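Chain by chain, the residues:
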Amino acid sequence: MNDRQADSLPAPARLPPELRVYAVGDIHGCDGQLETLHRMIAEDAAKAPEPRRVIVYLGDYVDRGPDSASVIATLCLPPRFGAEAVHLAGNHEAMMLDALSRPDDQDAVMLWAANGGAAALASWGIDLEATAPERWAEAIPDDHLVFLRTLRRRAGFGGYLFVHAGIRPGVPLDAQDPDDLLWIREPFLSSTADHGVVVVHGHTPSRDVVVRRNRIGLDTGAVYGGKLTCAVLWSDRLRFLQA
């Protein structure tokens, strides 16, 4: 058994033999931890035999943490270490875009501001109290806005489905409500149903990674003093990298 297999666990689903997937949990502006995690992924990828590598970011890049702008700038760069990058939307990106697109809607503006949006705005040099909501979008770089507006809701590889929050149990995958993919907690988290895929998600923070036969939860609360987690998935194995 090689070193990489020795520290791995049996996975609840399989990937094609030529594919290795890195799934990154909720970042929330924690740019330092993201930089460290990227170095760890690069070290793993350098030893990986699979010719195809994909990094799936599970959403919630902004809000609450120290530097949302830096995180978005990093994710706008070309994919690293020969990997493809898939960027999924989180509910915090949805709140941000809602506030930026409807600055005259006080409910949308205050919802985002109250859920970490003030910290995100500050990272782009925007003073929440001194700058009118109508001016927020013009202070954010165009490439950052394009990135945020073109995020995907879901991605599938092998026996895994990657989404931000989860899915509605009992609803066919192709009929899922897009809002559920961003926001759902229950009844998804407690469901023991076979979804036909193993759902890899973030959104609901916990102290440790959650591995069930039908889901893997990767939000380990980086912005609350926890670790930023990446699941490494290949064949029928998995391991975790944490910063």
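Residues numbered from 1 in each chain as written. Predicted model: local features only at pLDDT ≥ 70, side-chain atom pairs only at ≥ 80, totals over all residues. Heavy atoms only, no water.

Draft legend 1. The arrangement of the packing of helix α4 (residues 91-101) against helix α6 (residues 142-149) in detail. Here α4 crosses α6 at 120°, and the two axes come no closer than 10 Å. Taken together, α4 and α6 sit at an angle that is classed as oblique. In the packing of α4 onto α6, the handedness of the crossing is left-handed. On α6, the residues that touch E93, M96, L97 and L100 of α4 are L145, L148 and R149. Residues that form the contact of α4 with α6 fall into these classes: five nonpolar, no polar and two charged. (Axes fitted to C-alpha atoms, helices over the stretch in contact; angles between N-to-C directions. Helix = DSSP H or I, 4+ residues; strand = E, 2+ residues; numbered from the N terminus. Parallel < 35°, antiparallel > 145°, perpendicular 65-115°, else oblique. Left-handed = near helix turned anticlockwise from the far one by under 90°. Contact = heavy atoms within 4.5 Å. Nonpolar A, V, L, I, M, F, W, Y, C, P; charged D, E, K, R; others polar.)

Draft legend 2. Molecular detail of the packing of helix α2 (residues 31-47) against helix α3 (residues 68-76). Interhelical geometry of α2 versus α3 gives an angle of 30° and a closest axis separation of 9 Å. Here α2 lies roughly parallel to α3, going by the angle between them. Contacts between α2 and α3 involve D31, L34 and H38 on the former and, on the latter, S70, V71, T74 and L75. Grouping the constituent residues of the contact of α2 with α3 by class yields three nonpolar, three polar and one charged.

Draft legend 3. Here's a closer look at the packing of aromatic side chains. The tally for this structure, following the rule as stated, stands at four aromatic pairs. Taking 5.8 Å as the distance between ring centres and 70° as the angle between the ring planes, the aromatic pair formed by W112 and W136 counts as edge-to-face. Of this pair, W112 sits in helix α5 (residues 106-123) while W136 sits in the loop between α5 and α6; the two residues are 24 residues apart in sequence, bridging distant segments of the chain. Classification of W112 as buried rests on a relative accessible area of 0%. On the basis of relative accessibility, which here comes to 1%, the residue W136 falls in the buried class. Taking 6.1 Å as the distance between ring centres and 40° as the angle between the ring planes, the aromatic pair formed by Y160 and F162 counts as tilted. In terms of burial, Y160 and F162 fall into one category: buried. By way of ring pairs, the aromatic residues F157, Y160 and F162 are connected into one cluster. (Phe/Tyr/Trp six-rings, centres within 6.5 Å; stacked < 30°, edge-to-face > 60°. Buried < 20%, exposed > 50% of the residue type's maximum accessible area, 1.4 Å probe, protein only.)

Draft legend 4. Expanded view of empty space enclosed by the protein. Enumeration over the complete set of coordinates arrives at one cavity of 30 Å³ or more. The computed volume of the largest cavity comes to approximately 70 Å³. Counting residues per element, the ones that place at least two in the lining of the largest cavity are β3 (52-57), α3 and β4 (84-87). Each residue belonging to the lining of the largest cavity can be placed in one class, and the counts come to seven nonpolar, three polar and one charged. (1 Å grid on protein atoms, 1.4 Å probe; cavity = no way out; pocket = protein on both sides within 12 Å on 5 of 7 lines; lining within 4 Å. Points joined across faces, edges and corners; volume = space filled by probe spheres on them.)

Draft legend 5. Representation of α4. Listing the buried residues of α4 in full gives N91, H92, E93, M95, M96, A99 and L100. In the core, the buried residues of α4 are packed alongside α5, α6 and α7 (178-183).

Draft legend 6. Region of interest: α6. H144, L145, F147 and L148 are the residues of α6 that are buried. What you see down the axis of α6 is that its buried residues fit within an arc of 160°, all on one side. Away from its buried face, by an angle of more than 90 degrees, α6 presents the exposed residues D142 and R149. Tucked into the core, α6 has its buried residues touching α3, β4 and α4. (Arc of directions from axis to C-beta.)

Draft legend 7. Up close: the sheet that holds strand β9 (residues 215-217). Spatially, five strands are ordered β5-β6-β7-β9-β8 in an open sheet, and the strand pairing comes out mixed. Looking at strand neighbours, the two that pair on one side only are β5 (154-157) and β8 (210-211), the edges of this open sheet. Note that strand β6 (residues 160-163) and strand β7 (residues 198-201) share three bridges and pair parallel. Bridge pairing links F162 to V200 in β7. (Pairing = 2+ DSSP bridges.)

Draft legend 8. Looking closely at unusual backbone geometry. With an omega of 10°, the peptide bond running from E186 to P187 counts as cis. By secondary structure assignment, the location of P187 is in the loop between α7 and β7. A positive phi is found at D60, a non-glycine position, where the angle reads about 60°. With respect to the helices, strands and loops of the structure, D60 is situated in the loop between β3 and α3. On the accessibility criterion, D60 (2% relative accessible area) is buried. Backbone geometry at H203 places phi at a positive 80°, although glycine is not the residue there.

Purely geometric stuff here, so don't read any function into it on its own.
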